[in-house]
Amino acid sequence: MKILDGKLAAQAVKEKLKIAVEKLKAEGKKVPHLAAILIGDNGASATYVAAKVKACEETGFISTLLRYDSSITATQLLEKITELNKNSAIDGILVQLPLPAHIAEEEVIKAIDPAKDVDGFHPVNLGKMVQGQSGFIPATPYGIMLLLEHYQIETTGKNAVVIGRSNIVGRPMSILLSGNTPQGNCTVTLCHSRTKELETHCKQADIIVAALGKPEFLQANMIKKGAVVIDVGITRVNDNTKKSGFRLLGDVHFESVAPLCSWITPVPGGVGPMTIAALLKNTFQACQQRH
Ligand code: NAD
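Residues numbered from 1 in each chain as written. Predicted model: local features only at pLDDT ≥ 70, side-chain atom pairs only at ≥ 80, totals over all residues. Heavy atoms only, no water.

A. Spotlight on the pairing of strand β5 (residues 159-163). Of all 5 residues in β5, 4 are buried; the element is thus mostly enclosed. In this sheet, strand β6 (residues 187-191) lies alongside β5 in parallel orientation, the contact comprising 5 bridges. Bridged to N159 within β6 is T187. Chirality of the crossover, the property in question, places the unit of β5, helix α7 (residues 170-178) and β6 among those that are right-handed. Note: β5 against strand β7 (residues 207-210), 4 bridges, orientation parallel. Bridge pairing in β7 links I163 to A210. (Buried < 20%, exposed > 50% of the residue type's maximum accessible area, 1.4 Å probe, protein only. Helix = DSSP H or I, 4+ residues; strand = E, 2+ residues; numbered from the N terminus. Pairing = 2+ DSSP bridges. Right-handed = clockwise from strand over helix to strand, strands pointing away.)

B. Region of the structure containing the packing of helix α6 (residues 139-150) against helix α10 (residues 271-290). Here α6 crosses α10 at 105 degrees, and the two axes come no closer than 7 Å. Between α6 and α10, the angle falls in the class roughly perpendicular. For the pair α6 and α10, contact is made by A139, T140, Y142, G143, I144, L146 and L147 and by V271, M274, T275, A278, L279, K281 and N282, respectively. (Axes fitted to C-alpha atoms, helices over the stretch in contact; angles between N-to-C directions. Parallel < 35°, antiparallel > 145°, perpendicular 65-115°, else oblique. Contact = heavy atoms within 4.5 Å.)

C. Highlighting the site of the ligand. Of all residues adjacent to the ligand, which total 20 residues, the nearest are R165, S166, H192, V232 and T275. Contact between the ligand and S166: an oxygen atom at 2.6 Å from a side-chain N or O atom of the residue. Between the ligand and S193, the relevant distance is 3.1 Å, taken from an oxygen atom to a main-chain nitrogen or oxygen of the residue. Contact with the protein chains hides 73% of the accessible area of the ligand, taken as 860 Å² for the molecule alone. The element contributing the most residues to the shell around the ligand is α10, with 3 residues. Counted by class, the shell around the ligand contains 9 nonpolar, 9 polar and 2 charged residues. (Near = heavy atom within 4 Å. Polar contact = N/O pair within 3.5 Å; in protein donor to acceptor, adjacent residues only side chain to side chain. Areas by Shrake-Rupley, 256 points an atom, 1.4 Å probe, with all protein chains shown as cover. Nonpolar A, V, L, I, M, F, W, Y, C, P; charged D, E, K, R; others polar.)

Here you go:
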C-alpha cells in the first residue's frame, strides 16, 4: 500500500504557481487576487478559510478576507458579491459554505460572476465541465484529478465508484472520472443514500471516491484487493485527548482498508490540501483570463 500524499502533491502545485506569480511580478503584470467571504462562527469553516488565505500568502497571491456576522441578510450578502464582481482588482471570489439557514446557497452561487467563480459551483461552470469545455472545475474534484495526475494513477478502463452525489463533490467527480481525459476514461458508478447493495458495487471498484460525510463508513469488507481509495470525508468528532477537543475522521476506516489498497489518501493530508491547490490554480487561471 502506498500513500497518495496530498500535502506533497499540493506543495508541487503551489511551487509551480509561485514561480509563475514571480514571473508576473517581474513583468509588472497583475498578481492573482482572491476574495474569500466567511459568514458566522463555524469553527471548521474558519479553519478552511484560514488555510486558503495562508496558501495565497505562500504562493504570492493577494487575498482579502471578508467576515460577516451570521445575522447578515441575503440581500446584504448579494450586494457584497455584486461589489466584488465589479471590482476589477479581484480575480476570484469564494463564499465558504455552509451558509446560515436563512440564506439560499443556490442564489449566492448564482450571484457570483462565472468569470470569478473559482470554486466552480456556478451553473455556467458546471455546464462547461459537463461538456468538457474550459471553465472552473469545482475545487475538490479538481484537486483529486490533480492528485491522480501527480501520482500517475492509471484510470483508463477502470471501474470507479463514487459515493455521494452532492453538486460540489460527488456528482462533478463522477463526470470528471468518466471524461475522455488522461485522468478519466473510467466506467463510473455513482452511489448515494438510496443505492442498494453498495457493498457489491464497491467490491467491484478499482477506484473508490468516498464523499458521503459518514466517518469510517467504508470498511475492509467493501474493498477489492489492490483498489485505489480516495477519502474525501472530513468529520470533526469529539476527542478529549486532543488540545482542540476534536479529531478529524474520513469516510474510510483507514486501519482496516489501507492494507488492501494499492493507493490510499490519508485524512488529514489527502484531499484537503489538494482542494486548496486546485482553488489556487483556478484563481491563477481567472487572473490570466481577465488580464
Ligand atoms: P453532502 O452531505 O452534500 O452529500 C453527501 C452525499 O452522500 C449525498 O449525496 C448522499 O446521497 C450520500 N450519502 C449519504 N449517506 C449515504 C450512505 N449511507 N450511502 C451512500 N451514500 C450516502 O456532502 P458533501 O458536501 O458532498 O461532502 C461529503 C464529505 O466530504 C463531508 O465529510 C465533507 O466535510 C467532505 N468534504 C471535504 C472536502 C475536502 O476538501 N477534503 C471538501 C468538500 C467536502
